[in-house]
Amino acid sequence: MAAASNAEPTHLQDMEEDDAEMDEQEMDSESDGEEGMGEDNSDDEEDETSEDEKENEAEIQRLEEQLSINAFDYNCHVDLIKLLKHEGELLRLRKARQKMSELFPLTEEIWLDWLKDEIRLTEEEPNREKVNELFEKAIKDYICPDIWLEYAQYSIGGMGSPGGIERVRSVFERAITAVGIHMTKGQTVWEAYREFENAILATVQPPPGKIPSHDEQELLNKQLQRIHTLFRRQLAIPLMDMEATYAEYEEWSDHGPPDEMLHQYKTALQQREKYKPFEESLLVAETPKLAEYQAYIDFEMKLGDPARIQMTFERTLAENCLVPDMWIKYTTYLDRQLKIKDLVLSTHDRAVRNCPWTMTLWKSYLQAVERHGGTHPTVSDLFEKALNAGFIQARDYVEIWQVYLDYLRRRVDFSQESSKELEELRGSFARCLDYMKQDVEERFGESGDPSCNIMQIWARIEALHCKNMQKARELWDSIMTKGNAKYANMWLEYYNLERAYGDSVHCRKALHRAVQCTSDYPEHVCEVLLTFERVEGSLEDWDVAVQKTETRLNRVNEQRAKVAEKEAIQAQHEEEQFEQRRKARADKRTQKKVPKRGRFVEKRKAEHGLGQEEWTDHAAQAPKRHRGNGSTGPGYNKAQQASGQKQSNDNTEFRNDDNSVFVSNLSYTLEDPEAKLRTLFETCGSIKQIRLISTNKGTFKGYGYVQFENCESVSEALKLDRREVEDRPMFVSPCVDKNKNPDFKVFKYNTSMEKHKIFIQGLPFSCTKEQLEVISNNHGTIKEVRLVTFRSGKPKGLAYVEFANEAQASQAVLKMDGMCIDGNKISVAISNPPRRNTSKPGPSQPTTNLTPQHLHGARGRGRTQLSLLPRSLNRQSGPASKVENGTASKEGSGDAKPLSNADFAKMLLKK
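Keep in mind the model is a prediction, meaning the values are calculated, not measured.

Conventions adopted
Residues numbered from 1 in each chain as written. Predicted model: local features only at pLDDT ≥ 70, side-chain atom pairs only at ≥ 80, totals over all residues. Heavy atoms only, no water. Helix = DSSP H or I, 4+ residues; strand = E, 2+ residues; numbered from the N terminus. Buried < 20%, exposed > 50% of the residue type's maximum accessible area, 1.4 Å probe, protein only. Areas by Shrake-Rupley, 256 points an atom, 1.4 Å probe, with all protein chains shown as cover. Pairing = 2+ DSSP bridges. Contact = heavy atoms within 4.5 Å. Axes fitted to C-alpha atoms, helices over the stretch in contact; angles between N-to-C directions. Patch = residues over 30% accessible without salt bridge, like charges linked within 9 Å, V, L, I, M, F, W, Y side chains within 5 Å. Salt bridge = Lys/Arg side-chain N within 4 Å of Asp/Glu carboxyl O. Core = buried A, V, L, I, M, F, W, Y, C linked by side-chain atoms within 4.5 Å. Arc of directions from axis to C-beta. Polar contact = N/O pair within 3.5 Å; in protein donor to acceptor, adjacent residues only side chain to side chain. Lys, Arg positive; Asp, Glu negative; His and termini not counted. Charge placed at Lys NZ, Arg CZ, Asp CG, Glu CD. Expected span 1.5 Å × (residues − 1). Phe/Tyr/Trp six-rings, centres within 6.5 Å; stacked < 30°, edge-to-face > 60°. Lys NZ or Arg CZ within 6 Å of the ring centre and 35° of its normal.

Engineer: Tell me about the overall build of the protein chain, and please be specific about residues and values.
Structural biologist: When helices and strands are counted, the protein chain shows 32 helices and 13 strands. Burial analysis of the protein chain (911 residues in total) assigns 37% to the buried set. Carbon and sulfur atoms form 50% of the exposed surface of the protein chain, whose accessible area is close to 54700 Å².

Shown next as structure tokens:
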């Protein structure tokens, strides 16, 4: 048998050599036949090849120059590598790959191409250590089963060297630890590991008939145990093709699986069924599969297995390496849950190398290095890399500087009057301000820090920790010269700093300057100044403060009146233009309708011979269309009309408006609306009947009536007003006969000024009630938050927030006005809805209102709308003014009613 087995390859080799000789002869004959033809075209082909080479070389030089200008151009790196590989420039290709790998993690495809090229190069001059180093670098970029499998197979080639077998086993063990739980690709690594161990088993297994020695038997048993352990470990992990592995183990093992192994296998099968839907959705989904991966991650998060969560994140990022949000989620999980230093820092490094333009990743990386005890040079070098990463907005540079300055501040021991760390902190603050002015402003055209938060932090550190108020005052002077002197909150921040760490003299100076400079909330700073003088000032100080505040407020009111007058004139002009356009459109419609009606009348006259009087009588006698009772066509007769009236009267007998509510704004496509309404309102009391209003075709109109047995149920039903029904707010109001009460309107919210409630506009449509509650809770006790929506349920970007008292609402206006929420700058004011116009326009009533409603401009008397002027200064010369949301209007301000011609005639007659 042994001789036969040895002879068979020789026979096959002879056949292959004969085939090779025949193929070579055929190729020679073909080449001889084509030699004459090829001589004519050889010159043309050489010219075309040389031209292609020149073009490719020019393109290579262009890409290299572009990378010298911007080394972070990812696509340029990829194009250069492809072109060099096509040209066969292996040395230049190696350098290009090395440069790219220094800046970015390489994809699985790029790494595999690079590794295979390096393996071919080292076949000529063996240098396995160099290739092993390259493999070690590759497996750190991404956790990819194919790279690990390639690494293990390459390691097998060196198993003949001393310690080679143990090195191969070490690589396989690391591979199954890294990717062994990969649902779809992990099995290939396990199988390769078992094949390797089976190959070793074949070398230690004695030939048939030979009795092994004690050492040989011990070595054989040990190898068998290794293979058995591999089967057991693999079958305990949920993988996609577990059944085939189990069948292979049954065939391999003489005694079958033990009970413990069988139990683990069944448990893994049950677990696989939980993961199977997610894996199937990934198989059919199209790239980039973000939604499917996110659902998978959420599921793994609920189960809480760290290894599987990590694997799912790694699989996601292997296909979505340029998605910053996914890196943020992954690094946040590692920072808060696993907290393993090497894993956390390596993942942060990969994140910033993939998405260097994302400031949030650099920020969390710096904090992670500090958290895990990184050295000061390490943090400083990392910060310098972040500054050169190329952020996309000026604000990103401000935030990364704040993170670094916070780190430097935590290093300082302020118990010492002077230290190296403190000097470095001050130097970094100064460098930061220069960087913002010279680099950021020139690049983006804005500072990114309009409120000078960095200088504010520096001033607080100098005042609190260093007791250096002189430096703090210098910084605040610089802050005010950068356009912040007009904001009341900036002056109050400075005043609070002086109150905490300064003296009363500088407090008074700050408030006097605030009164003169503040343009957004002058009333508030005036009130603060007067309060300060009440507590600490003399009578002379009080008199000076009263005089300054009075003078300032009078000037502010004059300016507001001028602005409001201009706005009123502009609004009147726009209203007149709108009225002119409306009249012009109405005239056009009238002109279009008249000829059509005339042609129709003439046609009727010609067909039926009707005179004008007959046509008028016929039109007058035609049955009218009654809303809610269906349409009356030509076949409508008196019997049908009487039947309809009887049915209407029958329904009226059972109607009781006192026990009913009117339900509207429901979706026309609501399935089984009567059952839906009965389910919603049966908790309010016993329902007598539900009347739904439908069209002539029987489709639901979106409103109806719910009648209860008792009138007490109506009050409970009204509480369901604005309840969402299939993503639309349902309106519930009292049932009132509009024929008897034509002016009846229901508006459940207050229409007058509410000083304890704020009005917010400019909110992003994605803002939820819970998110707004969290933001508002920082400024007081929240009683109610109401988001204003359209009838369809979609948000308007408006909201009302009710606080416990007026002071909290006023403070919320000061702090929240101008705040950015999800990129939207919001506007906040005290709630004061405009008066609801309940009057109906008639022929004798003018359609335009010439009285200016916004006399004080868009900002009015200040968004707080609170009387911050003391009674001693309150000099009201006229009737009280009425205030609306963000505006103020004066009634009885002397605007005379326009006189008619009759009024002028009466005046002349009197004279």
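Engineer: If you had to explain the sheet that holds strand E5 (residues 729-734) to someone new, which residues and values would you point to?
Structural biologist: Judged by pairing direction, the sheet is antiparallel, and its 5 strands sit side by side in the order E2-E3-E1-E5-E4 without closing on themselves. With partners counted over all chains shown, the strands left at the sheet margins are strand E2 (687-694) and strand E4 (723-724), one partner each. Lying over the sheet, helix H28 (residues 673-681) contacts strand E1 (660-664), E2, strand E3 (700-708), E4 and E5, oriented at roughly 140° with respect to E2.

Engineer: Before we move on, could you go through a nonpolar patch on the surface and cite the residues and values that matter?
Structural biologist: Together, Leu322, Trp357 and Ile392 make up an exposed nonpolar region whose accessible area comes to about 300 Å². Its location among the elements puts Leu322 in the loop between helix H13 (306-319) and helix H14 (324-338). Using a relative accessible area of 41% as the deciding quantity, one classes Leu322 as partly exposed.

Engineer: So what about the nonpolar core? Which residues, and what values?
Structural biologist: If you look at the biggest cluster of nonpolar residues, it comprises 170 residues, and the most contacted ones within it are Ile400, Trp401, Ile758 and Ile760. Sequence-distant contacts of Ile760, defined by excluding residues within four places in its chain, comprise Leu772, Gly797, Leu798, Ala799, Val801, Met816, Ile826, Ser827 and Val828. Within the second largest apolar cluster, 19 residues are counted, among which are Phe681, Val706, Phe708 and Ala717.

Engineer: Which residues make up H28, and what values go with them?
Structural biologist: Those residues of H28 not exposed but buried are Pro673, Leu677, Leu680 and Phe681. Along the long axis of H28, the arc covered by the buried residues comes to 80°, so they all point the same way. Structurally, H28 contributes buried residues whose contacts are with E1, E2, E3, helix H29 (712-718), E4 and E5.

Engineer: Quick rundown of the side chain of Thr316? Include the residues and the values.
Structural biologist: Residue placement: Thr316 occurs in helix H13. For Thr316, the residues in contact, after removing those within four places along its chain, are Tyr293, Ile297 and Met326.

Engineer: Which residues make up the side chain of Asn659, and what values go with them?
Structural biologist: Tracing the backbone shows Asn659 in the loop between helix H27 (638-654) and E1. A polar side-chain atom of Asn659 sits 3.3 Å from the main-chain carbonyl oxygen of Glu709. Only 3.4 Å separates the side chain of Asn659 from the backbone nitrogen of Cys711, close enough to count as a polar contact.

Engineer: Any chance you could break down a negative patch on the surface for me, citing the residues and the numbers?
Structural biologist: On the surface, Glu671, Asp672, Glu724, Glu726 and Asp727 cluster together into a patch of negative charge. Along the chain, Glu726 turns up in the loop between E4 and E5.

Engineer: An account of the sheet that holds strand E11 (residues 827-831) is needed here, citing residue identities and associated values.
Structural biologist: The strand order across the open sheet formed by 4 strands is E7-E8-E6-E11, and the pairing between neighbours is antiparallel. Of all strands in the sheet, those with a lone pairing partner are strand E7 (782-789) and E11, marking the two edges. Here the average twist between neighbouring strands, direction ignored, is 20°. With 5 bridges connecting them, strand E6 (residues 754-761) and strand E8 (residues 795-803) associate as antiparallel partners. Paired with Phe759 across the bridge in E8 is Tyr800. Along the sheet, helix H30 (residues 769-776) makes contact with E6, E7 and E8, crossing E7 at roughly 135°. Contacting E6, E8 and E11, helix H31 (residues 806-816) runs over the sheet at an angle of about 25° to E6.

Engineer: Tell me about helix H20 (residues 453-464), and name the residues and values.
Structural biologist: Taking 1.5 Å of rise per residue, the 12 residues of H20 would be expected to cover 16 Å, and the 16 Å separating its terminal C-alpha atoms lies within 8% of that figure. All of the buried residues in H20 are Ile454, Met455, Gln456, Trp458, Ala459, Ile461, Glu462 and Ala463. If you follow the buried residues of H20, they end up packed against helix H18 (394-411), helix H19 (420-444), helix H21 (469-484) and helix H22 (488-501).

Engineer: Describe the environment of Ser752, listing the residues and the values that go with them.
Structural biologist: Checked against the element boundaries, Ser752 lands in the loop between E5 and E6. Classification of Ser752 as partly exposed rests on a relative accessible area of 37%. Considered as a pair, Ser752 and Pro833 are 81 residues apart in the sequence and their alpha carbons are 6.4 Å apart. Setting aside residues no more than four positions away along its own chain, Ser752 makes contact with Ser831, Asn832 and Pro833.

Engineer: Describe in detail the pairing of E1, supporting the description with residues and values.
Structural biologist: For E1, a buried count of 4 out of 5 residues is recorded, marking the element as mostly surrounded by other parts of the structure. Relative to E3, E1 is paired through 4 bridges, and the arrangement is antiparallel. Across the sheet, the residue bridging to Val661 is Val706, located in E3. With 4 bridges joining them, E1 and E5 adopt antiparallel strand pairing. Counted as the bridge partner of Ser664 is Phe731 from E5.

Engineer: So what about the pattern of salt bridges? Which residues, and what values?
Structural biologist: According to the stated counting rule, one finds 42 salt bridges in the structure shown. Asp141 is paired through a salt bridge with Arg353; the nearest N and O atoms lie 3.5 Å apart. Of the two residues, Asp141 is situated in helix H5 (residues 128-141) and Arg353 in helix H15 (residues 341-354); the sequence distance between them amounts to 212 residues. The buried category is assigned to Arg353, whose relative accessible area is 14%. Between Asp335 and Arg371 there is a salt bridge, and its shortest N-O distance comes to 3.9 Å. Of this pair, Asp335 sits in helix H14 while Arg371 sits in helix H16 (residues 359-371); the two residues are 36 residues apart in sequence, bridging distant segments of the chain. When its relative accessible area of 15% is taken as the criterion, Asp335 is described as buried.

Engineer: Before we move on, can you summarise the pairing of E6 with the specific residues and values?
Structural biologist: Bridge analysis of E6 against E11 gives 5 bridges, and the strand direction is antiparallel. Its bridge partner being in E11, Gln761 is matched across the sheet by Ser827.

Engineer: Go over the environment of Ser447, please, and point to the residues and values.
Structural biologist: With respect to the element layout, Ser447 can be found in the loop between H19 and H20. A sequence separation of 53 residues divides Ser447 from Ala394, and the C-alpha atoms of the two residues are 6.6 Å apart. Apart from the residues lying within four places of it in its own chain, the contact partners of Ser447 are Ala394, Val398, Met436, Val440 and Glu441.

Engineer: So what about unusual backbone geometry? Which residues, and what values?
Structural biologist: Following Thr287, the chain continues into Pro288 via a peptide bond in cis, with omega recorded as 15°. The residue Pro288 is located in the loop between helix H11 (259-284) and helix H12 (290-303) in this model. Although it is not a glycine, Asp822 sits at a positive phi angle of roughly 55°. Along the chain, Asp822 falls in the loop between strand E9 (820-821) and strand E10 (824-825). You can call Asp822 exposed: its relative accessible area is 52%.

Engineer: Account for the packing of aromatic side chains, naming residues and giving values.
Structural biologist: Aromatic ring pairs are described here by two measures, namely the spacing of the ring centres and the angle between the planes. Going through the model one piece at a time under the given rule, you end up with 31 aromatic pairs. Aromatic pair Trp401 and Tyr435: ring centres 6.0 Å apart, planes at 55°, arrangement tilted. Taken together, the residues Trp401 in helix H18 and Tyr435 in helix H19 connect sequence positions 34 residues apart. Exposure class is identical for Trp401 and Tyr435. Each is buried. Measuring from ring centre to ring centre gives 6.4 Å for Phe681 and Phe708, while their planes differ by 65°; the resulting arrangement is edge-to-face. Of the two residues, Phe681 sits in helix H28 while Phe708 sits in strand E3, which places them 27 residues apart along the sequence. Taken individually, Phe681 and Phe708 each receive the classification buried, so the pair is uniform in this respect. These aromatic residues form a ring-pair network of at least three members: Phe383, Phe391, Tyr397, Trp401, Tyr404, Tyr407, Tyr435 and Phe444. We note Arg128 situated over the ring of Tyr154; from NZ or CZ to the ring centre the distance is 4.0 Å.

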